[in-house]
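Descriptive analysis of the structure
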Amino acid sequence: MKTHPLYLNGDWFAASPFQQVNNPATGEILAQVATIDRQRVAQALADAHAAFLRWRKLPGKTRGEFLHAIADEIETRSAEIARTITLENGKPLAQSQGEVGMTVDHLRWFAEEARRAYGRIVPHQVDGKRHLVVKSPLGVVGAITPWNFPLVLAVRKMAPALAAGNTFVLKPAEQTPLSAVALAECVAAAGLPNGVFQVVLGDAPEIGREFLENPLCRKVTFTGSTEVGRLLIAGAAATVKPLSLELGGHAPVLVFDDIELHRAVEGALIAKTRNTGQSCIAANRIYVQRSIYDEFASAFTARMQAMKVGDGLTPGMDIGPLIDDAGLQKALAHIEDAVARGARLLCGGKRLGAQGYFIEPTVLADVPPGALCLREETFAPVAAIAPFDTEEEAIAQANDSSYGLSAYAFTGSLDRAFRLLESLEAGTIGINDGVPSTSNCPFGGVKQSGWGRELGSEGLDAFLETKHVSLGLQL
Ligand code: ADP
């Protein structure tokens, strides 16, 4: 079995205890990665701080050139890195290739944004004064990332943080640290100065506490569950540590009877099944106008049944395994609960095979409002469908959630589209679009889906401090 080291201050560090990494398609152990204790994490933060004092002085253009160099390395190794993502996460290889492509695009977007950390000059109110608004990096950033997009979600934080002049310590998810190690190899090959980017792994709550309590760490950026987000908010109280939080989602899809059916079916299908349904913007609740309800349900079910499920390395797969047994059991419990409450099972409903964590693509219709799958993230290729009559009722159902990361609507009416985009409580809204995310637009949640925005120009601003400088002048 291959042992992977961590990347600390420009060196490769491999010491026990090791974190084992499983292949969710087979349940087999793939590799192991070194871990470190809290004291060594503190050392990483100190090294990151020393590196910050030099990194922040580089022109934004130069930092951008380093990001382009990392992107070049990733592109050169894209086939192998995509394979690593599929091996540790399970997603179909074509989707891993898509994740690598999006990662490169994020790096290149923020490489350019590095040159645009603009301040401004504000007209004075008193003679003999001039006012500047200046943007400065924060310092060391601690990042905690999840397993569902192991490469791109780390880079969505790292690229803007480095572009803005910060240094970065990444704690990847224990299920998928191999993508983070591959990223570190690309950073090393791109020649970034020691300590600018480091990868740590170990006891997650302890590392989280070190990030929150160590005064050298100036911001914690997190993508993961709302439960852990709440713990970080509580932990940040003592040091008033700034947080960016991208938490859970529970996306509604609204299908109106004025859209061509196939557009709604295909849009809902990709929003539901991409990443094996394990995306924070995955469609969880599909509300369909009653006049086309049966027609939509049967067309959507036919497409779900045609999805190819299997090992992500096998060519042509649409859906891979769930990440682990806990993920599988949660999905099965959501199905059982919905059926017990009177939902109709239109297809699927069971585990597939005995090896790995596969589930049949599942469609549940007439799901009643109290069902778990209409209240919580299912994180699986399990679609819950329910009818609505009026636009008002559809909006009320969509907004009836403590989450607000993304929402989707399919309609042929421009007037309705505007009413929806103004009323839907979500940070990302896909109208006739099941794949809305892009490097150049902000991404993040409202309500309990989080704080702050990633990507877009907002993504850079999240890693900048705003200073007002007042100059007293004799003119
Ligand atoms: P999921 O349920 O999708 O695995 P989590 O929120 O548990 O999501 O995990 C996301 C990331 O948060 C992972 O890197 C994990 O190691 C980390 N994590 C889990 N618990 C804590 C904690 N108490 N403090 C800090 N990080 C944590």
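Basis of the calculations
Residues numbered from 1 in each chain as written. Predicted model: local features only at pLDDT ≥ 70, side-chain atom pairs only at ≥ 80, totals over all residues. Heavy atoms only, no water. Helix = DSSP H or I, 4+ residues; strand = E, 2+ residues; numbered from the N terminus. Rg over C-alpha atoms; globule rule 2.2 N^0.38 Å. Buried < 20%, exposed > 50% of the residue type's maximum accessible area, 1.4 Å probe, protein only. Contact = heavy atoms within 4.5 Å. Areas by Shrake-Rupley, 256 points an atom, 1.4 Å probe, with all protein chains shown as cover. Phe/Tyr/Trp six-rings, centres within 6.5 Å; stacked < 30°, edge-to-face > 60°. Axes fitted to C-alpha atoms, helices over the stretch in contact; angles between N-to-C directions. Parallel < 35°, antiparallel > 145°, perpendicular 65-115°, else oblique. Nonpolar A, V, L, I, M, F, W, Y, C, P; charged D, E, K, R; others polar. Core = buried A, V, L, I, M, F, W, Y, C linked by side-chain atoms within 4.5 Å. Domains from an automatic or database assignment. Left-handed = near helix turned anticlockwise from the far one by under 90°. Expected span 1.5 Å × (residues − 1). Arc of directions from axis to C-beta. Salt bridge = Lys/Arg side-chain N within 4 Å of Asp/Glu carboxyl O. Near = heavy atom within 4 Å. Polar contact = N/O pair within 3.5 Å; in protein donor to acceptor, adjacent residues only side chain to side chain.

1. Quick notes on the overall build of the chain
Helix and strand counts for the chain come out as 14 helices and 23 strands. At 23 Å, the chain has a C-alpha radius of gyration in line with the 23 Å of a compact globule built from 475 residues. When the backbone C-alpha atoms are referred to their principal axes, the chain occupies close to 75 × 65 × 40 Å. Looking at the chain as a whole, 55% of its 475 residues are labelled buried. In the chain, 73% of the contacts between residues at least 6 apart in sequence involve partners at least 24 apart. Counting every atom, the chain has about 18700 Å² of accessible surface; 53% of that belongs to carbon and sulfur.

2. Here's the deal with the packing of aromatic side chains
All told, the structure shown has 6 aromatic pairs when counted by the stated rule. Taking the centre distance of 5.5 Å and the plane angle of 45° together, the rings of Trp-55 and Phe-66 count as tilted. Separated by 11 residues along the polypeptide, Trp-55 in helix 1 (residues 38-55) and Phe-66 in helix 2 (residues 60-76) bring together distant segments of the chain. For the pair Phe-296 and Phe-300, a centre-to-centre distance of 5.5 Å together with 15° between the ring planes defines the contact as stacked. Taken together, the residues span about one helical turn, with Phe-296 and Phe-300 both in helix 10 (residues 293-305) at a distance of 4 residues.

3. Here's the deal with the packing of helix 2 against helix 5 (residues 152-163)
Closest axis-to-axis distance for the helix 2/helix 5 pair is 9 Å, and the angle between their directions is 150°. In terms of orientation, helix 2 and helix 5 fall into the roughly antiparallel class. Touching Arg-63, Leu-67 and Ile-70 of helix 2 are Met-158, Ala-159, Leu-162 and Ala-163, all from helix 5. Broken down by class, the residue content of the contact of helix 2 with helix 5 amounts to 6 nonpolar, no polar and 1 charged.

4. Some details on the nonpolar core
If you look at the biggest cluster of nonpolar residues, it comprises 106 residues, and the most contacted ones within it are Ile-70 and Phe-300. Ranked by the residues each element gives to this core, the list is headed by helix 6 (residues 177-189), at 8 residues. When residues of this core are sorted by domain, at least three fall in each of domain 1 (2-247 + 449-470) and domain 2 (251-438). Residues contacting Ile-70, with those up to four places away along its chain left out, are Leu-107, Met-158, Leu-183, Cys-186, Val-187, Ala-190 and Leu-192. In this structure, Phe-256, Leu-364, Ala-380 and Phe-388 belong to the second largest nonpolar core, which totals 29 residues.

5. Overview of the packing of helix 2 against helix 6
Close contact between helix 2 and helix 6 brings their axes to 8 Å; oriented N to C, the two are set at 125°. Classified by the angle between their axes, helix 2 and helix 6 sit oblique to one another. The way helix 2 lies across helix 6 gives a crossing that is right-handed. Contacts between helix 2 and helix 6 involve Ile-70, Glu-73 and Ile-74 on the former and, on the latter, Leu-183, Cys-186, Val-187 and Ala-189. Counted by class, the contact of helix 2 with helix 6 contains 6 nonpolar, no polar and 1 charged residues.

6. Describing helix 2
For helix 2, with 17 residues, the first-to-last C-alpha span of 24 Å sits near the 24 Å given by 1.5 Å per residue. Where helix 2 is concerned, the buried positions are Gly-60, Arg-63, Gly-64, Phe-66, Leu-67, Ile-70, Ala-71 and Ile-74. Burial along helix 2 is one-sided: seen end-on, the buried residues are contained in an arc of 155°. The secondary structure elements touched by the buried residues of helix 2 are helix 1, helix 3 (78-89), helix 4 (93-113), helix 5 and helix 6.

7. A closer look at the pattern of salt bridges
Applying the stated rule across the entire model yields 25 salt bridges. Among the salt bridges present, the one from Arg-38 reaches Glu-213, with a minimum N-O distance of 2.9 Å. Pair noted here: Arg-38 is in helix 1 and Glu-213 is in helix 7 (residues 204-213), with a separation of 175 residues, a long-range link. Exposure remark for Arg-38: the relative accessible area of 24% places this residue in the partly exposed category. With its nearest N and O atoms 2.6 Å apart, the salt bridge here joins Lys-447 to Glu-425. On the criterion of sequence distance, the pair formed by Lys-447 in the loop between strand 21 (428-431) and strand 22 (450-451) and Glu-425 in the loop between helix 13 (414-423) and strand 21 is long-range, its members being 22 residues apart. Look at Lys-447 and you get partly exposed, because its relative accessible area is 36%. We classify Glu-425 as partly exposed; its relative accessible area is 38%.

8. Considering the site of the ligand
In the vicinity of the ligand, 15 residues are found, and the nearest of them are Thr-145, Trp-147, Lys-171, Glu-174 and Ser-225. A distance of 3.1 Å is found between an oxygen atom of the ligand and a side-chain nitrogen or oxygen belonging to Trp-147. With respect to the ligand, the side chain of Ser-225 contributes an N or O atom lying 2.6 Å from an oxygen atom. In the complex, 77% of the free accessible area of the ligand, which totals 550 Å², lies under the protein chains. Secondary structure elements with two or more residues in the shell around the ligand: helix 7, strand 11 (217-223) and helix 8 (226-236).

9. Looking at the side chain of Ser-449
With respect to the secondary-structure elements, Ser-449 resides in the loop between strand 21 and strand 22. Its relative accessible area of 0% is what places Ser-449 among the buried residues. Polar side-chain contacts of Ser-449 include one of 3.2 Å to the backbone nitrogen of Leu-405. Each residue touching Ser-449, except ones within four places of it in the same chain, is listed here: Leu-245, Glu-246, Leu-247, Gly-248, Gly-249, Ser-402, Tyr-403, Gly-404 and Leu-405.

So yeah, pure geometry; function would need other evidence.
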